[in-house]
Amino acid sequence: MLTEKILRDNPVLIKVLTGLPADVFWQLMADLEARLPEYEYQRHEKPDRRRAVGAGRPYDQPLVIRVMLILTYMRLHIPQEIVALFFEATQPDVSRDLRRLLPLIAQLIPVPEVWEVMDEEDIPSEAEVLEPAQLADGRALVDATEQPVYRSQDSEERKRYYSGKKKAFTLKTELVTDGEHHICAISEAVPGATHDKKLSDGIKTVERLPDGCEVDADKGYQGLDKQVTLVTVRNAETGEEQQVPRLQVKTPFKKRKGAALTDEQEEFNRQLGAIRVRVEHCIGWVKNWAIIATRFRCAHSIYTLILRVVCGFANIQTERWQMAKAQAAA
């Protein structure tokens, strides 16, 4: 059985089981322990609650083991019963703490925003639009990723979740990163039959991005530029006003049937691909967590929360290697 003492004496175990450096894990634990009492009070606070907050049977495991349970499960995605054996816990312990502790962890790490699907007539509020400072280089790289899920027994559900692209039943999520590998936003998960562009339209991606940024996307987002509204700008020297697109959208040129791309179009696609690959890097880092890379076995209702937390840990790793790179260059 693994205990807190064993973990402190053998920091390599933390890296092996969770993928996190030991110093990152222990800093997270310190932050969790400081925030936990207030979080538990808010979680239990209900108008008609009769039992005092903190009453009832105490947890069987200390906080550090509860956190290790869920992080190990998310990193390795082996059966919860096996993870529980590592720490002398039970399968229900793993399942419960996924729902209880992940919202708190999400408050303490740099998680991306979650964009929900909106009605067609709705527009995002100011609070739901990314700030220019959230895009480190003024770019927004947009891409969607899919993850296999179990086949539903309901025929209508199967149609909604069957992805023709992946030839499997999947959940689909859109990721928005900047050009510096920071994951800035994710969509809520939707059934895999949803087209990338339709998902983007549903969460109002264009409307949620700040004025003046450059949006780079793949061929699945053809037509995104047609949705960009115009804004009026004044020339500081001449005083003339003109209308220009609020932001710039770039997607690759598609080869038409029976025709070839020009040299200029191929060069444009090559340069765009060299930039867009950064969002692919981010997706790859997220899928280092096996719970995002293999068939998802939990309830779909907690998928977005799990993905958000995993993206937060990917952002921490990005910040660490960028800081190390900057220090080495200084």
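Just so you know, these numbers come straight off a predicted model, no measurement behind them.

**A few points about the overall build of the protein**
At step 1: Scanning the protein from terminus to terminus reveals eleven helices and ten strands.
At step 2: Within the protein, contacts between residues at least 6 apart in sequence are counted, and of these 71% link residues at least 24 apart.
At step 3: Only carbon and sulfur atoms are counted for the fraction: they give 50% of the accessible area of the protein, which is about 17900 Å².

**Points about the state of the cysteines**
At step 1: In the structure shown here, the tally under the stated rule is zero disulfides.
At step 2: Free of any disulfide, cysteine 282 has its nearest cysteine sulfur in cysteine 311, 8.5 Å distant.
At step 3: Residue classification places cysteine 282 among the buried positions, given a relative accessible area of 1%.
At step 4: Accessibility expressed as a relative area gives 0% for cysteine 311, which makes it buried.

**So, the packing of helix H4 (residues 63-76) against helix H6 (residues 91-106)**
At step 1: Where H4 meets H6, the axes come as close as 9 Å, and the angle between the chain directions of the two elements is 100°. In this view, H4 runs roughly perpendicular relative to H6, as classed from their interaxial angle. Contacts between H4 and H6 pair Leu63, Arg66, Val67, Leu69, Ile70, Tyr73 and Met74 from the former with Asp93, Val94, Asp97, Leu98, Leu101, Leu102 and Ile105 from the latter.

**A few points about the packing of aromatic side chains**
At step 1: Applying the stated criterion across every chain yields a total of seven aromatic pairs.
At step 2: Here the aromatic rings of phenylalanine 253 and phenylalanine 268 are separated by 5.3 Å at their centres, their planes lie at 65°, and the arrangement is edge-to-face. On the criterion of sequence distance, the pair formed by phenylalanine 253 in the loop between strand S10 (248-250) and helix H9 (263-286) and phenylalanine 268 in helix H9 is long-range, its members being 15 residues apart.
At step 3: For phenylalanine 253, a relative accessible area of 36% translates into the label partly exposed.
At step 4: On the basis of relative accessible area, phenylalanine 268 is assigned to the partly exposed category, the value being 28%.

Conventions used here
Residues numbered from 1 in each chain as written. Predicted model: local features only at pLDDT ≥ 70, side-chain atom pairs only at ≥ 80, totals over all residues. Heavy atoms only, no water. Helix = DSSP H or I, 4+ residues; strand = E, 2+ residues; numbered from the N terminus. Contact = heavy atoms within 4.5 Å. Areas by Shrake-Rupley, 256 points an atom, 1.4 Å probe, with all protein chains shown as cover. Disulfide = S-S within 2.5 Å. Buried < 20%, exposed > 50% of the residue type's maximum accessible area, 1.4 Å probe, protein only. Axes fitted to C-alpha atoms, helices over the stretch in contact; angles between N-to-C directions. Parallel < 35°, antiparallel > 145°, perpendicular 65-115°, else oblique. Phe/Tyr/Trp six-rings, centres within 6.5 Å; stacked < 30°, edge-to-face > 60°.

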